[in-house]
Amino acid sequence: MTKPTDLVQGTLDLLILRTIATEKLHGWAIAQRIQLLSKDVLQVNQGSLYPALQRLERQGWITADWGVSETSRRARFYRLTSAGRRRLEQERADWERLSAAISLVMRTA
Amino acid sequence: MRLIHQIATVFRAIARSGRVDADLAEEMRFHLEREIQANIARGMSPDAARRAARLTFGSVDAVQETSRDERPGAAMREWVRDVRFGARLLRKSPAFGLTGVALVALGIGAATAIFSVVYGVMLQPLPFREPNRLVTIWLERHSARNYPAAADAIALRDLRDVFDDVSLFANVNLNLVGDCAPGGCEPQRLEGARVAPNLFSLLGVSAALGRTFTADEDQAGREHVVVLGDALWRAQFDAGPTIVGRQIRLNGSLYTVVGVMGPDFRYPSSDHQAWVPLVIRPAELTRTETENYKVVARLAPGATLPEARQAATSLAKRLAATYGVNVGAGMIVDSMLDDATREVRPFLTLLLAAVSFLLAIACLNLSSLFGARASARRGELAVRLALGATRPRVIAQAIAEAVPILALGAVLGVAVAQWAVRLFVMGVPAGVPRIENVAVSGPVLVVSLGLLVLTGLAASAAPAVQAWSSDFATMTKDGGRGSTAGRGRSIARRVVVGAQIAFAIPLLVGATMLIRSAINLTHVDPGFRPARITTLKFEVSRNEHPSDRDVADYYARLVDAVHAIPGVASVGLVNRIPLSGGQTNPVHIDHPTARPDELTNVDSRTVSPDYFETMGIALVAGRGFTEHDDADAPLVAIVDERLAREMWPGESAIGRRFREPPWAGRRWFSIVGVVRHVRAVGLDVDPLPQVYWSYRQWTQDRMVLAVRSATEAVVPVRPVIEAIRSVDAEQSVYDVQTMRRIVDESVASRRLVMRLMIGFSALALVLAAVGIYGVVAYGVTQRIREFGVRVALGATASEITRLAAWQGTSSALAGAAVGLVFAVGAAGAMRNLVFGVAPRDAISIVCATVLLLLVAFVASYIPAKQAGAVDPGITLRAE
């Protein structure tokens, strides 16, 4: 297993928001999804995942409800709020601009 | 919407903090289980799966901790935890906590109580329209205040430039006979006022029910109308709304009730319960009648007090020229509030100054108490900073620890203030104006509370704030050998202690001066013998006894009836009892150096023949009055030895004469007797020589009946009242008191102030002692190694003790030096408050200073003694 890449804080928020944009997920599933989609490059540590979820919840971007997991266990499912959806759009735009800029620099320098 | 959400989450997080934690724990338990299941699904054995899952997961507690910080309200929860920690510390060192709580509570309580009283009595605006435009006007003769005559008030009305309106009134006793069953109803005496009809509109007040007087109700024949006070209306007439228009019997005549005032109307005093129109007789307008009115006015818009004073004084000159009286007299114009509080102001100012000093001492003490504790924990602070605590966190915690003490102290302080104000109002002697206004004042409470709480917070936060700018090395260095870093703080602490001493000295000096005054007062000879005397007041009705002769005959019948009671030694009448205020009368005395028509103020009283014997006033020369000194006999008078001595030094006053002022008829009186000088106004004030008239020649309607008992016990009141009623069933009496009580009352306000001052200084003394003890004890712990070395090098125990005690005694000496400067200034300002004590009384200053230094020495010596007992072996090995 490769050493997990440190995620910049803002980036983790963006990834979480993106991951639950389409469906509501519990914490473990969010971590799994990020790992899966990034082909195991990004591993989300629980120590940063849960504080990040608390932070996003406080901001009012996500909201959580207790539900039943795929293993028939009680689990807390997170989903985007409408404010969160707007936030995601904005973060995505920011990110794309930033990464385009960085790629530009990397290619030409 | 977003805002509401945030508020809701913060609320949820705080209110249900435990629930949120439990949720998180369960969520993470699920996470772990899910990870294990996933691992098993990937083909691991259950054990390996569990181990791998735990490995990736890390510490559950750490995650919980970080999540909690991310959660809303985290800072507040943090703080609540700190406060709880502070409360636990408090439980561990209760002496420290109790001292802090007591300091805050007493500081807030004492300061709020006194400030509230001062505010209620002296500062709170009068309950009238534009009260700062209202003034009281007096005649000024020989720099004393005399009541103006009606003519003066009428003349003042013409000064339209400076006075909008001028009104006048006089007090009157009203004898109310209820219309209950005949014979079964007690006549009741009311404190009333005869007022010019414009008084109410001048003050800007109107009746709560009905109306006040119309402008023409001061005409003879229309004046039988009355306005009642709220309390009387409630007590006597069951607060019935039909009272307006009803007729009641006052002084034997029927008066129609036209209105009832609101409960807030307490003018001229809270005792006044009925107002009737003042009818000015034509004779009064030519200034040939006595001066006996209280004159009030409203300043014209734009007019200032100095302008009004100037206008009134030049008017006084013109009046003197017109009527040929009051030559050289001026007028005094004072703001109504100042005038009402004139007599209590020196006392209240003293208490205000004293409690301010006490508050300063409490603040200083609190700051050294908290400061010492906070600096004792500097090492801990440094370690916590080094371990990564943020500086705001450290400061927040330092403050949070002080919060339980300050909060408890503040709550107790509010209670103490409430209780102290109530106690003060109850303990205040009769006659203090506006005492009914006094209540704990909110703003005052907030200020004194804020002052102490901020001091406490600042003192506890100071070391943490200091740590902000210093590094770990300097902060922990204090503990190191030969450190000098503590010196700055130690000097600061000594300055604080010195300042407490400096504030305490004036308090102690003031209290000592008042104690000496009180002792002096007990040695004052009142000039009469107060034991065994019962007194009661009454007023005769002119309707039933129209002429002076009728009144005097009635008095003689009353005296005879009371004298017949078994156990009565003698019965006397006087129109004003000694020690109950002055009764100034100007007379022209015929003595060798007198200028024509020169008036001298004397204190005059009308008495019955047996008055001197009853009161125990010794006859020095000549004779007393007899029943034959009546209207048909030559006019006679008795003077006191002081007047005799001043006017005819070295000669007999018998046969000399003086006469009434021009407006009173210029009749000559010859002196037939000289009596002992009596403290007429009060035990502590003695402004004027005295003159007595015979009650058959200078008859008064209001009298005090004094009854001397033949035995040790005073004569009971019941038989006296029954004897009076046997003469006249409708005669009301009031103010029954023993003469002893009157003597006590006359010094009651001084006693109260003295007790408060003693209390304040005792508190200041204790605080100063605690402060010094703290400084020395702290110094000893700081220098214990140094002392160890000194002892090892041969210093004796007493040398070490002296060295350690010096820290305290030197601060005390420096503070005392500054305090003496304060004290000398303050003692000078107490001129009006002391009796028989020089304004800068050396004995008081020395006594107070010695006492304080003695206490300071003891407080230094006790902890210093421990330093002397240092065992070098132990202290040096403890390194």
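Note that the coordinates shown come from a computational prediction; the quantities given were computed from them, not determined experimentally.

Rules and cut-offs
- Residues numbered from 1 in each chain as written.
- Chains lettered and ligands numbered in written order.
- Predicted model: local features only at pLDDT ≥ 70, side-chain atom pairs only at ≥ 80, totals over all residues.
- Heavy atoms only, no water.
- Helix = DSSP H or I, 4+ residues; strand = E, 2+ residues; numbered from the N terminus.
- Rg over C-alpha atoms; globule rule 2.2 N^0.38 Å.
- Buried < 20%, exposed > 50% of the residue type's maximum accessible area, 1.4 Å probe, protein only.
- Contact = heavy atoms within 4.5 Å.
- Areas by Shrake-Rupley, 256 points an atom, 1.4 Å probe, with all protein chains shown as cover.
- Lys, Arg positive; Asp, Glu negative; His and termini not counted.
- Charge placed at Lys NZ, Arg CZ, Asp CG, Glu CD.
- Buried area = accessible area lost by both parts, 1.4 Å probe.
- Salt bridge = Lys/Arg side-chain N within 4 Å of Asp/Glu carboxyl O.
- Polar contact = N/O pair within 3.5 Å; in protein donor to acceptor, adjacent residues only side chain to side chain.
- Nonpolar A, V, L, I, M, F, W, Y, C, P; charged D, E, K, R; others polar.
- Axes fitted to C-alpha atoms, helices over the stretch in contact; angles between N-to-C directions.
- Left-handed = near helix turned anticlockwise from the far one by under 90°.

Draft legend 1. Quick peek at the overall build of chain B. Along the backbone of chain B there are 28 helices and 22 strands. On C-alpha atoms alone, chain B measures out to a radius of gyration of 38 Å, which is more than a quarter above the 29 Å that the 2.2 N^0.38 rule sets for 879 residues. Oriented by its inertia axes, the alpha-carbon framework of chain B measures out at about 135 × 75 × 60 Å. Expressed as a percentage of its 879 residues, the buried residues of chain B come to 51%. Counting only contacts in chain B whose residues sit at least 6 apart along the sequence, the fraction spanning at least 24 positions is 81%. Carbon and sulfur atoms form 59% of the exposed surface of chain B, whose accessible area is close to 39,400 Å². Computed over 93 positive and 81 negative side-chain charges, the inter-centroid distance for chain B is 11 Å.

Draft legend 2. Spotlight on the interface of chain A and chain B. If you look at the interface, chain A gives 25 residues, while chain B gives 28 residues. Summed over both partners, the interface of chain A with chain B buries about 2,500 Å², with 50% contributed by carbon and sulfur atoms. One salt bridge connects Glu33 of chain B with Arg73 of chain A, and the closest N-O pair in it is separated by 2.7 Å. Joining chain A to chain B, the criterion identifies six residue pairs in polar contact (both at pLDDT 80 or more). Breaking the side of chain A that touches chain B down by element, the ones donating at least two residues are helix H2 (27-37), helix H3 (46-59) and strand S3 (74-80) of chain A. For the side of chain A that touches chain B, the element with the most residues is H3 of chain A, which contributes ten residues. When the residues that make up the side of chain A that touches chain B are grouped by side-chain class, the tally is eight nonpolar, ten polar and seven charged.

Draft legend 3. Structural context of the packing of helix H14 (residues 378-386) of chain B against helix H15 (residues 391-427) of chain B. All names here are of chain B. Where H14 contacts H15, the two axes come as close as 10 Å, and the packing angle between them is 145°. Crossing geometry of H14 relative to H15 is assigned as right-handed. The segment H14 lies against H15, with Leu381, Arg384 and Leu385 engaging Arg391, Val394 and Gln397. Among the residues making up the contact of H14 with H15, the classes are represented as three nonpolar, one polar and two charged.

Draft legend 4. Main features of the environment of Glu722 of chain B. Residue and element names in this part refer to chain B. Following the sequence through the fold, Glu722 ends up in helix H22 (residues 717-727). Taking relative accessible area as the criterion, Glu722 reaches 47% and is therefore assigned partly exposed. Sequence-wise, Glu722 and Val562 are 160 residues apart; in three dimensions their C-alpha atoms are separated by 8.8 Å.

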